[in-house]
Amino acid sequence: MPTLTANGIRIAFDTAGDAKSTPVLLVHGLGMQLTSWPDEFVDGLVELGFYVIRFDHRDCGLSTKFDRAGKPSLIWSWIRSRLKLPFKPPYGLEDMADDALGVLSALGVAKAHVIGVSMGGMIGQILAARHPQRVLSLTSIMSSSSRRGLPGPTAQARQALLRRPDNPKDVDAILDQAVALQQAIGSPAYPTPEKQLRRRAARALRRCYCPAGVTRQMLAVAAASDRSELLATIAAPTLVIHGASDPLVPLACGEDTAARIPGARLEVIQGMGHDLPAQLNERLLALIDAHAHGKMAADSTPRLFVKQ
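In this text the structure is predicted, and so the values were computed from the model without any measurement.

Details of the overall build of the chain
- The helix and strand inventory of the chain stands at 11 helices and nine strands.
- In terms of C-alpha radius of gyration, the chain reaches 18 Å, essentially the compact-globule figure of 19 Å for 308 residues.
- Across its three principal directions, the C-alpha atoms of the chain cover 50 × 40 × 40 Å.
- Across the 308 residues of the chain, 53% fall into the buried class.
- Within the structure as shown, the chain displays about 13700 Å² of accessible surface, and the carbon and sulfur contribution to it stands at 53%.
- In the chain, 35 side chains carry a positive charge and 28 a negative one; their mean positions are 6 Å apart.

This is the structure we're talking about:
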(Lines give C-alpha, C1' and ligand atoms only; values in the text may rest on other atoms or scores of the structure.)
Protein backbone atom coordinates (compact mmCIF):
# COMPACT_ATOMS: atom_id res chain seq x y z
CA MET A 1 0.00 0.00 0.00
CA PRO A 2 1.57 3.35 -1.00
CA THR A 3 2.04 6.11 1.57
CA LEU A 4 2.67 9.83 1.38
CA THR A 5 3.72 12.51 3.82
CA ALA A 6 1.20 15.25 4.52
CA ASN A 7 0.53 17.56 7.44
CA GLY A 8 3.61 16.16 9.14
CA ILE A 9 2.44 12.54 9.23
CA ARG A 10 2.52 9.40 7.10
CA ILE A 11 -0.77 8.68 5.35
CA ALA A 12 -1.61 5.48 3.51
CA PHE A 13 -3.66 5.98 0.36
CA ASP A 14 -4.98 4.24 -2.70
CA THR A 15 -6.28 5.41 -6.05
CA ALA A 16 -8.51 3.87 -8.70
CA GLY A 17 -9.34 4.95 -12.22
CA ASP A 18 -7.67 7.25 -14.71
CA ALA A 19 -5.61 9.98 -13.04
CA LYS A 20 -6.69 12.31 -15.86
CA SER A 21 -10.34 11.94 -14.89
CA THR A 22 -12.21 14.17 -12.44
CA PRO A 23 -10.94 13.44 -8.91
CA VAL A 24 -13.18 12.25 -6.07
CA LEU A 25 -11.82 12.20 -2.53
CA LEU A 26 -13.49 9.65 -0.24
CA VAL A 27 -13.37 10.48 3.48
CA HIS A 28 -14.56 7.66 5.73
CA GLY A 29 -15.90 7.60 9.27
CA LEU A 30 -14.79 6.73 12.77
CA GLY A 31 -12.16 3.99 12.84
CA MET A 32 -12.85 3.04 9.23
CA GLN A 33 -9.92 2.19 6.96
CA LEU A 34 -9.69 3.03 3.28
CA THR A 35 -10.44 -0.63 2.58
CA SER A 36 -13.78 -0.19 4.38
CA TRP A 37 -15.24 1.52 1.33
CA PRO A 38 -17.32 -1.12 -0.49
CA ASP A 39 -15.50 -2.36 -3.58
CA GLU A 40 -18.67 -2.07 -5.66
CA PHE A 41 -19.01 1.59 -4.62
CA VAL A 42 -15.43 2.43 -5.61
CA ASP A 43 -15.70 0.43 -8.85
CA GLY A 44 -18.97 2.20 -9.62
CA LEU A 45 -17.37 5.61 -9.28
CA VAL A 46 -14.57 4.55 -11.61
CA GLU A 47 -17.11 3.30 -14.16
CA LEU A 48 -18.79 6.70 -13.97
CA GLY A 49 -15.50 8.28 -15.04
CA PHE A 50 -14.06 9.47 -11.73
CA TYR A 51 -10.52 9.21 -10.41
CA VAL A 52 -11.07 7.85 -6.90
CA ILE A 53 -8.75 8.70 -4.01
CA ARG A 54 -9.03 6.93 -0.64
CA PHE A 55 -6.85 7.24 2.43
CA ASP A 56 -6.45 6.01 5.99
CA HIS A 57 -7.13 8.65 8.63
CA ARG A 58 -4.50 9.29 11.24
CA ASP A 59 -4.72 6.67 13.99
CA CYS A 60 -6.14 3.92 11.80
CA GLY A 61 -5.15 1.63 8.97
CA LEU A 62 -1.56 2.04 7.86
CA SER A 63 -1.29 5.75 8.64
CA THR A 64 0.58 7.29 11.56
CA LYS A 65 -0.64 6.32 15.03
CA PHE A 66 -0.67 8.84 17.85
CA ASP A 67 0.29 6.34 20.52
CA ARG A 68 2.37 8.93 22.32
CA ALA A 69 -0.93 10.61 23.27
CA GLY A 70 -1.97 7.48 25.13
CA LYS A 71 -5.54 6.27 25.47
CA PRO A 72 -7.62 9.06 27.00
CA SER A 73 -10.58 8.25 29.25
CA LEU A 74 -13.61 8.17 26.99
CA ILE A 75 -16.06 8.11 29.90
CA TRP A 76 -14.45 11.06 31.69
CA SER A 77 -14.28 13.06 28.47
CA TRP A 78 -17.93 12.25 27.75
CA ILE A 79 -18.92 13.46 31.23
CA ARG A 80 -17.01 16.71 30.72
CA SER A 81 -18.69 17.14 27.34
CA ARG A 82 -22.17 16.58 28.84
CA LEU A 83 -21.39 19.11 31.58
CA LYS A 84 -20.14 21.53 28.90
CA LEU A 85 -16.71 21.53 30.48
CA PRO A 86 -13.75 22.00 28.13
CA PHE A 87 -11.46 19.11 27.35
CA LYS A 88 -8.64 18.88 24.86
CA PRO A 89 -8.37 15.81 22.64
CA PRO A 90 -5.01 14.77 21.17
CA TYR A 91 -6.16 16.33 17.88
CA GLY A 92 -9.31 17.74 16.36
CA LEU A 93 -11.42 17.35 13.23
CA GLU A 94 -9.67 20.42 11.84
CA ASP A 95 -6.37 18.52 11.97
CA MET A 96 -7.99 15.62 10.14
CA ALA A 97 -9.34 18.01 7.51
CA ASP A 98 -5.79 19.29 7.04
CA ASP A 99 -4.72 15.66 6.54
CA ALA A 100 -7.31 15.28 3.77
CA LEU A 101 -6.17 18.50 2.15
CA GLY A 102 -2.60 17.29 2.40
CA VAL A 103 -3.48 14.11 0.52
CA LEU A 104 -4.84 16.14 -2.39
CA SER A 105 -1.79 18.40 -2.42
CA ALA A 106 0.68 15.52 -2.21
CA LEU A 107 -1.01 13.88 -5.19
CA GLY A 108 -1.02 17.12 -7.18
CA VAL A 109 -4.81 17.38 -7.22
CA ALA A 110 -5.95 20.99 -7.39
CA LYS A 111 -9.69 20.35 -6.95
CA ALA A 112 -11.83 17.34 -6.14
CA HIS A 113 -15.37 16.29 -5.42
CA VAL A 114 -15.46 15.36 -1.73
CA ILE A 115 -17.62 12.53 -0.38
CA GLY A 116 -17.62 12.17 3.39
CA VAL A 117 -19.40 9.58 5.52
CA SER A 118 -20.27 10.16 9.19
CA MET A 119 -17.12 11.62 10.79
CA GLY A 120 -15.82 11.93 7.24
CA GLY A 121 -18.80 14.15 6.42
CA MET A 122 -17.78 16.46 9.26
CA ILE A 123 -14.24 16.56 7.93
CA GLY A 124 -15.55 17.23 4.42
CA GLN A 125 -17.65 20.12 5.72
CA ILE A 126 -14.59 21.73 7.30
CA LEU A 127 -12.56 21.16 4.14
CA ALA A 128 -15.24 22.73 1.93
CA ALA A 129 -15.68 25.74 4.20
CA ARG A 130 -12.01 26.49 4.80
CA HIS A 131 -10.64 25.63 1.38
CA PRO A 132 -13.42 26.39 -1.12
CA GLN A 133 -10.97 26.63 -4.00
CA ARG A 134 -10.11 22.94 -3.56
CA VAL A 135 -13.63 21.48 -3.43
CA LEU A 136 -15.71 21.00 -6.59
CA SER A 137 -18.70 19.66 -4.68
CA LEU A 138 -19.49 18.19 -1.28
CA THR A 139 -21.55 15.10 -0.50
CA SER A 140 -22.14 14.73 3.23
CA ILE A 141 -23.57 11.31 4.11
CA MET A 142 -25.07 10.31 7.51
CA SER A 143 -23.27 13.21 9.18
CA SER A 144 -23.99 16.22 11.39
CA SER A 145 -23.24 19.88 12.01
CA SER A 146 -22.31 19.06 15.64
CA ARG A 147 -24.83 21.66 16.76
CA ARG A 148 -25.61 21.34 20.44
CA GLY A 149 -29.16 20.20 21.05
CA LEU A 150 -29.36 17.77 18.14
CA PRO A 151 -30.48 14.26 19.08
CA GLY A 152 -27.81 11.70 19.82
CA PRO A 153 -27.60 7.94 19.26
CA THR A 154 -30.26 5.59 20.50
CA ALA A 155 -29.40 3.81 23.73
CA GLN A 156 -28.78 0.57 21.83
CA ALA A 157 -26.51 2.24 19.28
CA ARG A 158 -24.54 4.06 21.97
CA GLN A 159 -24.11 0.87 23.96
CA ALA A 160 -22.92 -1.00 20.86
CA LEU A 161 -20.46 1.76 20.00
CA LEU A 162 -18.95 1.91 23.48
CA ARG A 163 -18.91 -1.84 24.11
CA ARG A 164 -15.51 -3.50 24.08
CA PRO A 165 -14.71 -7.14 23.23
CA ASP A 166 -15.23 -9.56 26.09
CA ASN A 167 -11.62 -10.60 25.64
CA PRO A 168 -9.59 -7.91 23.79
CA LYS A 169 -6.85 -10.46 23.05
CA ASP A 170 -9.16 -13.01 21.44
CA VAL A 171 -9.74 -12.66 17.69
CA ASP A 172 -13.21 -14.19 17.78
CA ALA A 173 -14.28 -11.84 20.58
CA ILE A 174 -13.04 -8.84 18.59
CA LEU A 175 -14.92 -10.00 15.51
CA ASP A 176 -18.07 -10.68 17.54
CA GLN A 177 -18.01 -7.12 18.86
CA ALA A 178 -17.41 -5.63 15.40
CA VAL A 179 -20.29 -7.62 13.89
CA ALA A 180 -22.61 -6.69 16.76
CA LEU A 181 -21.86 -3.00 16.22
CA GLN A 182 -22.59 -3.15 12.50
CA GLN A 183 -25.82 -5.02 13.15
CA ALA A 184 -26.88 -2.45 15.73
CA ILE A 185 -26.36 0.57 13.48
CA GLY A 186 -26.97 -0.97 10.03
CA SER A 187 -29.91 -0.42 7.70
CA PRO A 188 -32.99 -2.30 8.93
CA ALA A 189 -34.52 -2.41 5.44
CA TYR A 190 -31.25 -3.45 3.78
CA PRO A 191 -29.50 -5.90 6.14
CA THR A 192 -26.06 -7.22 5.35
CA PRO A 193 -25.63 -10.98 5.97
CA GLU A 194 -23.75 -11.76 9.16
CA LYS A 195 -21.15 -13.85 7.32
CA GLN A 196 -20.35 -10.90 5.09
CA LEU A 197 -20.02 -8.57 8.09
CA ARG A 198 -17.66 -11.04 9.73
CA ARG A 199 -15.52 -11.33 6.58
CA ARG A 200 -15.24 -7.54 6.41
CA ALA A 201 -14.32 -7.33 10.08
CA ALA A 202 -11.67 -10.04 9.69
CA ARG A 203 -10.21 -8.25 6.69
CA ALA A 204 -9.97 -4.99 8.66
CA LEU A 205 -8.49 -6.76 11.69
CA ARG A 206 -5.75 -8.37 9.62
CA ARG A 207 -4.79 -5.00 8.21
CA CYS A 208 -4.87 -3.00 11.44
CA TYR A 209 -6.30 -3.12 14.95
CA CYS A 210 -5.89 0.08 16.97
CA PRO A 211 -8.72 0.56 19.49
CA ALA A 212 -6.83 3.39 21.21
CA GLY A 213 -6.75 5.22 17.88
CA VAL A 214 -10.52 4.83 17.53
CA THR A 215 -10.93 6.34 21.00
CA ARG A 216 -8.77 9.31 20.07
CA GLN A 217 -10.81 9.85 16.90
CA MET A 218 -14.00 9.58 18.96
CA LEU A 219 -12.73 12.32 21.25
CA ALA A 220 -12.06 14.54 18.24
CA VAL A 221 -15.72 14.14 17.29
CA ALA A 222 -16.93 14.69 20.86
CA ALA A 223 -14.86 17.86 21.22
CA ALA A 224 -15.92 19.28 17.85
CA SER A 225 -17.34 22.77 17.99
CA ASP A 226 -20.72 23.73 16.59
CA ARG A 227 -20.19 24.20 12.84
CA SER A 228 -23.45 26.07 12.17
CA GLU A 229 -21.74 29.33 11.25
CA LEU A 230 -19.01 27.54 9.34
CA LEU A 231 -21.54 25.62 7.25
CA ALA A 232 -23.17 28.88 6.22
CA THR A 233 -19.95 29.81 4.42
CA ILE A 234 -19.80 26.70 2.22
CA ALA A 235 -20.07 27.73 -1.43
CA ALA A 236 -19.58 24.32 -3.06
CA PRO A 237 -22.72 22.59 -4.37
CA THR A 238 -23.73 20.31 -1.51
CA LEU A 239 -25.74 17.11 -1.35
CA VAL A 240 -26.73 15.73 2.05
CA ILE A 241 -27.73 12.05 2.15
CA HIS A 242 -29.21 10.57 5.29
CA GLY A 243 -31.01 7.42 6.28
CA ALA A 244 -34.43 7.80 7.87
CA SER A 245 -33.59 4.89 10.19
CA ASP A 246 -30.10 5.96 11.30
CA PRO A 247 -29.78 5.04 15.02
CA LEU A 248 -26.29 6.50 15.47
CA VAL A 249 -26.66 9.91 13.82
CA PRO A 250 -30.42 10.53 13.65
CA LEU A 251 -32.10 12.03 10.61
CA ALA A 252 -32.54 15.39 12.38
CA CYS A 253 -28.75 15.80 12.16
CA GLY A 254 -28.81 15.47 8.38
CA GLU A 255 -31.79 17.81 8.11
CA ASP A 256 -29.95 20.38 10.21
CA THR A 257 -26.80 20.06 8.11
CA ALA A 258 -28.72 20.63 4.88
CA ALA A 259 -30.64 23.56 6.34
CA ARG A 260 -27.43 25.36 7.30
CA ILE A 261 -25.55 25.03 3.99
CA PRO A 262 -26.79 27.52 1.39
CA GLY A 263 -28.61 25.75 -1.43
CA ALA A 264 -27.91 22.26 -0.09
CA ARG A 265 -30.10 19.37 -1.18
CA LEU A 266 -31.26 16.70 1.20
CA GLU A 267 -31.93 13.14 0.08
CA VAL A 268 -33.64 11.06 2.74
CA ILE A 269 -33.49 7.31 2.16
CA GLN A 270 -36.16 5.29 3.89
CA GLY A 271 -34.94 2.17 5.68
CA MET A 272 -31.30 3.23 5.57
CA GLY A 273 -29.28 3.19 8.78
CA HIS A 274 -25.66 4.08 9.45
CA ASP A 275 -23.95 2.05 6.74
CA LEU A 276 -23.58 1.75 2.97
CA PRO A 277 -25.56 -1.40 2.14
CA ALA A 278 -24.98 -3.08 -1.20
CA GLN A 279 -28.69 -2.82 -2.01
CA LEU A 280 -28.39 0.98 -2.13
CA ASN A 281 -25.18 1.12 -4.14
CA GLU A 282 -26.78 2.01 -7.48
CA ARG A 283 -29.00 4.64 -5.89
CA LEU A 284 -26.13 6.29 -4.06
CA LEU A 285 -23.95 6.28 -7.17
CA ALA A 286 -26.75 7.80 -9.25
CA LEU A 287 -27.27 10.58 -6.71
CA ILE A 288 -23.55 11.36 -6.50
CA ASP A 289 -23.11 11.28 -10.27
CA ALA A 290 -26.04 13.63 -10.86
CA HIS A 291 -24.83 15.94 -8.11
CA ALA A 292 -21.25 16.07 -9.38
CA HIS A 293 -22.45 16.91 -12.87
CA GLY A 294 -25.06 19.42 -11.74
CA LYS A 295 -27.94 17.38 -13.14
CA MET A 296 -30.26 17.39 -10.14
CA ALA A 297 -33.49 19.07 -11.18
CA ALA A 298 -35.25 21.36 -8.73
CA ASP A 299 -38.31 19.14 -8.81
CA SER A 300 -36.46 15.87 -8.23
CA THR A 301 -36.76 13.75 -5.09
CA PRO A 302 -34.12 15.60 -3.02
CA ARG A 303 -35.49 18.45 -0.97
CA LEU A 304 -33.92 21.86 -1.48
CA PHE A 305 -32.80 23.95 1.47
CA VAL A 306 -31.97 27.59 0.87
CA LYS A 307 -30.60 29.45 3.85
CA GLN A 308 -32.43 32.71 4.33
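Topic: the packing of helix H6 (residues 171-185) against helix H7 (residues 194-207)
- Running from N to C, H6 and H7 point in directions that differ by 125 degrees, and their axes come no closer than 9 Å. Between H6 and H7, the angle is such that the two are oblique. For H6 against H7, the interelement crossing comes out right-handed. Listed contacts from H7 to Val171, Asp172, Ile174, Leu175, Asp176, Ala178, Val179, Gln182 and Gln183 of H6 are Glu194, Leu197, Arg198, Ala201, Ala202 and Leu205.

Remarks on a negative patch on the surface
- A surface patch of like charges, here negative, comprises Asp39, Glu40, Asp43 and Glu47.
- Within the fold, Asp39 resides in helix H1 (residues 39-47).

A look at the pairing of strand S6 (residues 135-141)
- Taking burial as the measure, the seven residues of S6 include six buried ones, the bulk of the element.
- Here strand S5 (residues 112-117) pairs with S6 via six bridges, running parallel. Within S6, the residue paired with His113 across the bridge is Ser137.
- Crossover S5 to S6 through helix H4 (residues 119-130) is right-handed.
- Taken together, the four bridges between S6 and strand S7 (residues 238-243) define a ladder with parallel strand orientation. Across the sheet, residue Leu138 finds its bridge partner in S7, namely Thr238.

Observations concerning the nonpolar core
- Formed by 43 residues in total, the largest nonpolar core has its most connected members in Leu25, Phe55, Leu93, Ile123 and Ile234.
- Discounting residues that sit within four places of it in the chain, Ile234 has contacts with Gln125, Ala128, Ala129, Leu138, Ile261 and Pro262.
- Core analysis: the next-biggest nonpolar cluster, separate from the first, contains 23 residues, Val42, Leu45, Leu239 and Ile288 among them.

Here's the deal with the pairing of strand S2 (residues 9-16)
- Direction of pairing for strand S1 (residues 3-6) relative to S2: antiparallel, over a ladder of four bridges. Across the sheet, Leu4 pairs through a bridge with Ile11, a residue of S2.
- Remark: two residues form the turn of the hairpin made by S1 and S2, two consecutive strands paired antiparallel; Asn7 in that turn has positive phi of roughly 55 degrees.

Considerations on the packing of aromatic side chains
- Applying the stated criterion across every chain yields a total of two aromatic pairs.
- Each ring, one from Trp37 and one from Phe41, has its centre 5.7 Å from the other, and the planes form 15 degrees; the classification is stacked. Side by side, Trp37 and Phe41 carry an identical accessibility label, which is buried.

Structural notes on the environment of Arg216
- Residue placement: Arg216 occurs in helix H8 (residues 211-222).
- Linking Arg216 and Gly49, residues 167 residues apart in sequence, is a C-alpha distance of 36 Å.
- Those residues within four positions of Arg216 in sequence are excluded, and the remaining contacts are Asp59, Phe66, Asp67, Ala69, Gly70, Lys71, Pro72, Pro90, Tyr91 and Cys210.
- Polar contacts involving the side chain of Arg216 include one to the main-chain carbonyl oxygen of Gly70, which spans 2.5 Å.

Notes on the side chain of Arg58
- Looking at the element boundaries, Arg58 is found in the loop between strand S4 (50-55) and helix H2 (74-82).
- Within the structure, Arg58 has its side chain in polar contact with the side chain of Asp99 (distance 2.7 Å).
- With residues near it in sequence (within four places) discarded, Arg58 still touches Asn7, Ile9, Ser63, Thr64, Phe66, Tyr91, Asp95, Met96, Asp99 and Gln217.

Structural notes on the side chain of Asp275
- The residue Asp275 is located in the loop between strand S8 (265-269) and helix H11 (281-292) in this model.
- Buried within the structure, Asp275 lacks any salt-bridge partner; its nearest side chain of opposite charge belongs to Arg200, at an N-O separation of 6.3 Å.
- Among the polar contacts made by the side chain of Asp275, one reaches the side chain of Ser187 at a distance of 2.5 Å.
- Once residues lying within four places of it in the same chain are set aside, the contact partners of Asp275 are Met142, Gly186, Ser187 and Thr192.

Describing the pattern of salt bridges
- Enumeration according to the criterion identifies 11 salt bridges in this entry.
- Asp59 is paired through a salt bridge with Arg216; the nearest N and O atoms lie 2.7 Å apart. Of the two residues, Asp59 is situated in the loop between S4 and H2 and Arg216 in helix H8; the sequence distance between them amounts to 157 residues.
- A salt bridge links Arg147 to Asp256, with the nearest nitrogen and oxygen atoms 3.0 Å apart. Of the two residues, Arg147 sits in the loop between S6 and helix H5 (155-162) while Asp256 sits in helix H10 (residues 251-260), which places them 109 residues apart along the sequence.

The rules behind each value
- Residues numbered from 1 in each chain as written.
- Predicted model: local features only at pLDDT ≥ 70, side-chain atom pairs only at ≥ 80, totals over all residues.
- Heavy atoms only, no water.
- Helix = DSSP H or I, 4+ residues; strand = E, 2+ residues; numbered from the N terminus.
- Rg over C-alpha atoms; globule rule 2.2 N^0.38 Å.
- Buried < 20%, exposed > 50% of the residue type's maximum accessible area, 1.4 Å probe, protein only.
- Areas by Shrake-Rupley, 256 points an atom, 1.4 Å probe, with all protein chains shown as cover.
- Lys, Arg positive; Asp, Glu negative; His and termini not counted.
- Charge placed at Lys NZ, Arg CZ, Asp CG, Glu CD.
- Axes fitted to C-alpha atoms, helices over the stretch in contact; angles between N-to-C directions.
- Parallel < 35°, antiparallel > 145°, perpendicular 65-115°, else oblique.
- Left-handed = near helix turned anticlockwise from the far one by under 90°.
- Contact = heavy atoms within 4.5 Å.
- Patch = residues over 30% accessible without salt bridge, like charges linked within 9 Å, V, L, I, M, F, W, Y side chains within 5 Å.
- Salt bridge = Lys/Arg side-chain N within 4 Å of Asp/Glu carboxyl O.
- Pairing = 2+ DSSP bridges.
- Right-handed = clockwise from strand over helix to strand, strands pointing away.
- Core = buried A, V, L, I, M, F, W, Y, C linked by side-chain atoms within 4.5 Å.
- Phe/Tyr/Trp six-rings, centres within 6.5 Å; stacked < 30°, edge-to-face > 60°.
- Polar contact = N/O pair within 3.5 Å; in protein donor to acceptor, adjacent residues only side chain to side chain.

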